[in-house]
Amino acid sequence: GDVWVGITAKPIAINALKTFDPARYASLSFANPLPLTDPANCTTVASDSQRSTENGLIWDIYTQVGAWLKSSTVTNPLTYGHPATRVQHAYGFGYSQTGGYLVDYINAIHPLVVKSDGKPMYDAYIVAVAGGAFAGAYPINQCEPAPPATDARRQFSNVGVPIMRMMSTSDYLLGIGSRRANSDVFADRYRHYEMAGAAHATPDELIYSAAPADIIKAGRAVPPASCDQGPRSRFPSAIFFDAALRNLDQWVRSGIAPPHAQPITVANGAPVLDRFGNVQGGLRSPFLDVPTSTWFGSSTGASFCFIAGHEVPLSQSVLDSLYKSHGDYVAKVAKDTFSLVDQRFLTAEDGVRLVRDFKRH
């Protein structure tokens, strides 16, 4: 009964789609409603923007897509015009740049929707790997600057629906300004999570995204699968999002509040590391609690390597000092994993899968 709907959020992405298949995507448009001769159509825009299009149209698109998917119209692919199949709850999700877009939507547009409609379009939000000085907000239109890193509009307060913000090991320091206290106050329901060991740019975006040939056909460069230190980090941040989505749904449907977690431990502007070089605090997993590697959130190299991260296996002598045998290692993994399942930081399904995978490790 769950459905994921993606929204293309920027004109530059529409341009890539049109390059890929001009006929199929001919009708898509972010055309600027202001003509080029209008003084309000600013003469200087960002390098990824054009005066003939307008990035700020996305705010209406977010609301209109939500309204369409909640409607009984026969064009709605989720209901086919049948009231019994109408959407019960809609959750807004944004990752990285679109996470920063979601910050704008939550703080600037969400209140207007509530005022006009008497209720929100989206019943809760997850803002992922975007906060503070790292993708924490974007210009409301392409003629305006983004709010400064210290601007209060980059933070949430009394939005009226549950919000989760999730940062990764790649971006939490730059985004440290997004930190605020968790809250169970009804008007200000909020959780802040930092995924210990997880990188921002994961292999999943390469595995489940467009094929390299299609990216090239769209006129874009293929993101690197490896950086100077080797392959991108294989850390499965999806395990944290699986639990977060389930907890968010229970928060909305049943009022069951999600668990609290400490942020990654920071002292004097730097992370506090354990003896294996892994960060302390944050959302935990057996990858760090029962380690076989050091997990880095940043790497060097081309393109997005600075947020791709990598893994450095511990030496065999260190592993031998930690675990008496492979069975001992698996037992410790299982104990840690199911403790995290009990605390609702991991789902039971992911817990079973993780233990099974670690047995093969």
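For the structure, see preceding data.
Residues numbered from 1 in each chain as written. Predicted model: local features only at pLDDT ≥ 70, side-chain atom pairs only at ≥ 80, totals over all residues. Heavy atoms only, no water.

Asker: Explain the environment of Gly-160 to me, please; I cannot follow it from the model alone.
Answerer: Position of Gly-160 relative to the elements: it lies in the loop between strand 2 (124-128) and strand 3 (163-168). Overall, the relative accessible area of 31% leaves Gly-160 in the partly exposed class. Taking the C-alpha atoms as reference points, Gly-160 and Met-195, separated by 35 residues in sequence, lie 25 Å from one another. With residues near it in sequence (within four places) discarded, Gly-160 still touches Phe-186, Ala-187 and Arg-189. (Helix = DSSP H or I, 4+ residues; strand = E, 2+ residues; numbered from the N terminus. Buried < 20%, exposed > 50% of the residue type's maximum accessible area, 1.4 Å probe, protein only. Contact = heavy atoms within 4.5 Å.)

Asker: Is there a simple way to explain the pairing of strand 4 (residues 190-195) in this structure?
Answerer: The side chains of a regular strand alternate, residue by residue, between the two faces of the sheet. Counting buried residues in strand 4 gives 6 out of 6 residues, a clear majority hidden from the surface. Here strand 4 shows no split at all, with Tyr-190, His-192 and Glu-194 on one side and Arg-191, Tyr-193 and Met-195 on the other all buried. Across 6 bridges, the pairing between strand 3 and strand 4 is parallel. Within strand 4, the residue paired with Arg-165 across the bridge is His-192. (Pairing = 2+ DSSP bridges.)

Asker: Would you mind going over the sheet that holds strand 1 (residues 91-95) with me for this structure?
Answerer: Consider a sheet: its strands pair through backbone hydrogen bonds, and that pairing is either parallel or antiparallel. Strand order in the open sheet made by the 4 strands is 1-2-3-4, with parallel pairing throughout. Each edge of the sheet is formed by a strand with only one pairing partner; in this case those strands are strand 1 and strand 4. In this sheet, neighbouring strand axes are inclined to one another by 10 degrees on average, regardless of whether the strands run parallel or antiparallel. Running at roughly 145 degrees to strand 2, helix 3 (residues 97-117) makes contact with strand 1, strand 2 and strand 3 of the sheet. (Axes fitted to C-alpha atoms, helices over the stretch in contact; angles between N-to-C directions.)

Asker: Help me understand the packing of helix 6 (residues 238-254) against helix 10 (residues 348-359), please; the structure alone is not making it clear to me.
Answerer: Axes are the key here: two packed helices are described by the angle between their axes and the distance separating the axes. One can describe the packing of helix 6 onto helix 10 by two numbers: an axis separation of 9 Å at closest approach and a directional angle of 160 degrees. Overall, the two elements helix 6 and helix 10 adopt an arrangement that is roughly antiparallel. Crossing hand, helix 6 versus helix 10: left-handed. In this structure, helix 6 contributes Ala-238, Ile-239, Asp-242 and Arg-246 to the contact, and helix 10 contributes Glu-349, Asp-350, Arg-353 and Leu-354. Classifying every residue of the contact of helix 6 with helix 10 by side-chain character gives 3 nonpolar, no polar and 5 charged. (Parallel < 35°, antiparallel > 145°, perpendicular 65-115°, else oblique. Left-handed = near helix turned anticlockwise from the far one by under 90°. Nonpolar A, V, L, I, M, F, W, Y, C, P; charged D, E, K, R; others polar.)

Asker: Would you take a moment to explain the state of the cysteines for this structure?
Answerer: Here a disulfide denotes a covalent bond joining the sulfur atom of one cysteine to the sulfur atom of another. The tally for this structure, following the rule as stated, stands at 2 disulfides. Residue pairing for Cys-42: its cysteine sulfur links by disulfide to Cys-143, the two sulfurs lying 2.0 Å apart. An S-S torsion of about -90 degrees defines the bridge between Cys-42 and Cys-143 as left-handed. Placement of the pair is Cys-42 in the loop between helix 1 (11-20) and helix 2 (58-70) and Cys-143 in the loop between strand 2 and strand 3, with a sequence separation of 101 residues. Take Cys-143: its relative accessible area is 30%, and that puts it in the partly exposed class. Each disulfide pairs two cysteine sulfurs, and for Cys-227 the partner residue is Cys-305, the sulfurs being separated by 2.1 Å. In this structure the cystine formed by Cys-227 and Cys-305 twists about its S-S bond by roughly -95 degrees; its chirality is therefore left-handed. (Disulfide = S-S within 2.5 Å.)

Asker: I would appreciate a short explanation of unusual backbone geometry in the present structure.
Answerer: Most peptide bonds take the trans configuration, and most residues that are not glycine carry a negative phi. One non-glycine residue with positive phi stands out, namely Ser-96, at about 65 degrees. Mapped onto the secondary structure, Ser-96 falls in the loop between strand 1 and helix 3. Here Arg-344, not a glycine, exhibits a phi torsion of approximately 70 degrees, which is positive. By the secondary structure assignment, Arg-344 is in the loop between helix 9 (326-342) and helix 10. Judged by relative accessible area, Arg-344 falls into the partly exposed class, the value being 26%.

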